[in-house]
Amino acid sequence: MAEEFRSFDGLRQAVAGTTFDRPPAIVCNAHVTGLSVARALSVHDVPVIAIDRNGKGVAPYSDAVDFAGQVTYPLDDRDGFREDVEALAGELEHEPVAFPCMDEWVHAFAGTEPEGVRLPFAGRETIDAVLNKESLYEKAEELGVPYPETYRMADTAPETALENLSFPFVVKPALKREFEEAVGTNVIEVADEEEFLDVVAMAEDAGINVMAQEKVDIATGRDCSLASYVPQEADPVTFVGNARVRYPQEFGTSCLVRQADQPEIEERALSILEETGYYGISESEFVYDQSREEYVLLDINTRPWKWISLPVQAGADLPGAAYAEAVGEEFDVGETHDAMWVYLADYLKLLANDAAFSDVLDEREWRALFSGEFEELDDLTTGVYRPSDVGPSYRLLKTEFGTSEYYCSC
């Protein structure tokens, strides 16, 4: 476990005084997703350096993390971020492998390409084409992959969207992270023309491209995503997960996910990834549209995401595969099996606050969670809570119920 969350100078001095027998992984941001990546890599004895803009995330307090510390936040100063990462890499005997776990960190690594750092994912142009929903939906249109009815405000008059969409509908950014920084969310539901025009005007003032999109008639509990690692050569490592439970239920983040048998999801997602030329870890998100009676594409995240420990638990070790290819090691990809992931912090909130929600965990699963037995099982894992690695749970407790705050869309 990292002894402390260090200043940048302290982090640089600490790694300079340490000899690693193999390339370390640089994991950022250092919260729930970063923790899952660190834990997956530590199974393979990969040294992990967690970096972030502050020490309020949960990952630095895990036994899976060797060192943790601050670097310049790329949304504040991208050149400063590059300089910090290059200086950090310069203190290491082996070139580290970067695992950015939020969009701004992905853009920072892909956009600055720090010297001395291995990037196990496609370059900036490819990533931009996938993360930008405007170009993503254009590609989906070409390939016949269904997606919600959408109007780009960059080249469409608001009146056109108003004529074709029924209220309520949603306004989404082409690139969600900059929108999140500006308004605190990545989607806004509008109930009337005035609300819609206000959001469009706000986005225009901020220089952010947005889209008006139908509010899909989503079948709650049927959302599916392809979790994948697409190598530069060889077959992809894949796993389809069903976000059975979200918090909040309709537009919230996943808090219970299970394996799903939906081969069309894998086929459609891989067709887009192949067409764009993207390689690396990604999550391709689909929701089931009850009106169309089919799955529609919402988004592709070109990075690890909140429940990435589920495919790892089920046999699709995406971080392990990405690291192995980056450093030129062999990696054995086995068969996947059924498994379930739960993020207890949100799941317990849902049980406590939503009278309409019914518990989907059975007694065996609860007993395994309470006792810690789940850590010995191959079909159940969690987002943060693990009795064998309690530091992250304590940090999350302070964040959830104390005065410490940490923003992360995961």
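Quick caveat, the model's predicted, so the values are computed rather than measured.

About the thresholds
- Residues numbered from 1 in each chain as written.
- Predicted model: local features only at pLDDT ≥ 70, side-chain atom pairs only at ≥ 80, totals over all residues.
- Heavy atoms only, no water.
- Core = buried A, V, L, I, M, F, W, Y, C linked by side-chain atoms within 4.5 Å.
- Buried < 20%, exposed > 50% of the residue type's maximum accessible area, 1.4 Å probe, protein only.
- Contact = heavy atoms within 4.5 Å.
- Domains from an automatic or database assignment.
- Buried area = accessible area lost by both parts, 1.4 Å probe.
- Salt bridge = Lys/Arg side-chain N within 4 Å of Asp/Glu carboxyl O.
- Patch = residues over 30% accessible without salt bridge, like charges linked within 9 Å, V, L, I, M, F, W, Y side chains within 5 Å.
- Areas by Shrake-Rupley, 256 points an atom, 1.4 Å probe, with all protein chains shown as cover.
- Helix = DSSP H or I, 4+ residues; strand = E, 2+ residues; numbered from the N terminus.
- Pairing = 2+ DSSP bridges.
- Axes fitted to C-alpha atoms, helices over the stretch in contact; angles between N-to-C directions.
- UniProt positions renumbered as here; feature names shortened; annotations may be inferred.
- Parallel < 35°, antiparallel > 145°, perpendicular 65-115°, else oblique.
- Nonpolar A, V, L, I, M, F, W, Y, C, P; charged D, E, K, R; others polar.

Visitor: Explain the nonpolar core residue by residue, including any values.
Guide: Counting 59 residues, the largest nonpolar core has F99, L318 and Y347 as its most contacted members. Residues contacting Y347, with those up to four places away along its chain left out, are V245, C255, L256, V342, F357, D359, V360, L361 and W366. Grouped together as the second largest cluster of nonpolar side chains are 54 residues, F67, F109, L136 and V230 included.

Visitor: Provide a residue-level description of the domain arrangement of the protein chain, including the pertinent values.
Guide: Split by domain assignment, the protein chain resolves into domain 1 (8–119), domain 2 (149–214) and domain 3 (224–401). Relative to domain 3, the C-alpha centre of domain 2 lies at a distance of 29 Å. Opposite the seven residues of domain 2 that make contact, domain 3 presents six residues. Both faces considered, domain 2 and domain 3 share a buried interface measuring about 390 Å² in area, 40% of it formed by carbon and sulfur atoms. Sorting the residues of domain 2 by area buried against domain 3 places K172, K176 and E214 first, and these three jointly supply 62% of that buried surface. The tally of links from domain 2 across to domain 3 stands at one salt bridge. With a shortest N-O distance of 2.6 Å, E214 and R292 are connected by a salt bridge.

Visitor: Describe a nonpolar patch on the surface, and please don't skip the residues or the numbers.
Guide: A contiguous nonpolar patch, built from Y394, L397 and F401 and spanning about 400 Å² of accessible area, is present on the exposed surface. The residue F401 is located in helix 15 (residues 391–401) in this model.

Visitor: Outline the pattern of salt bridges, supporting the account with residue identities and numerical values.
Guide: All chains considered together, the criterion is met by 23 salt bridges. Residue R39 pairs with D389 through a salt bridge whose shortest N-O separation is 3.0 Å. With R39 in helix 2 (residues 32–42) and D389 in the loop between strand 16 (380–382) and helix 15, this pair connects stretches of sequence that are 350 residues apart. The two residues R39 and D389 agree in class, both being buried. Residue D103 pairs with R303 through a salt bridge whose shortest N-O separation is 2.7 Å.

Visitor: Can you break down the sheet that holds strand 10 (residues 223–230) residue by residue, with the values?
Guide: If you walk across this open sheet you meet the seven strands as 14-13-10-11-12-15-16, and the pairing is mixed. Each edge of the open sheet is held by one strand with a lone partner, namely strand 14 (294–301) and strand 16. Taking each pair of neighbouring strands and ignoring which way they run, the sheet shows an average axis angle of 30°. Sheet topology places strand 12 (residues 253–259) next to strand 15 (residues 340–342); three bridges connect them, and they run antiparallel. Along strand 15, the bridge assignment pairs L256 with V342.

Visitor: Account for the sheet that holds strand 1 (residues 5–6), with residues named and values stated.
Guide: Spatially, the five strands line up as an open sheet ordered 1-4-3-2-5, and their pairing is parallel. Whereas interior strands pair on both sides, the edge strands pair on one side only; in this sheet they are strand 1 and strand 5 (97–100). Judged from the four bridges that link them, strand 3 (residues 48–52) and strand 4 (residues 67–70) form a sheet pairing that is parallel. If you follow D52 over to strand 4, its bridge partner there is Q70. Contacts from helix 4 (residues 103–112) reach strand 2 (25–28), strand 3 and strand 5, with the element oriented near 145° to strand 5.

Visitor: Help me get a handle on the UniProt feature "domain: ATP-grasp" (unreviewed entry) in the protein chain, residues and values and all.
Guide: UniProt records the feature "domain: ATP-grasp" (unreviewed entry) at residues 137–332, using the numbering of this structure. A distance of 34 Å separates the end C-alpha atoms of residues 137–332, which is 33% helix and 30% strand.

Visitor: Let's hear about the packing of helix 3 (residues 78–90) against helix 4: which residues, and what values?
Guide: Between helix 3 and helix 4, the shortest axis-to-axis distance is 10 Å and the interhelical angle comes to 75°. Comparing their axes, helix 4 and helix 3 come out roughly perpendicular. For the pair formed by helix 3 and helix 4, the contact residues are R78, F81, R82 and V85 on the first element and W105, H107, A108, F109, G111 and T112 on the second. Across the contact of helix 3 with helix 4, the residue classes tally to five nonpolar, three polar and two charged.

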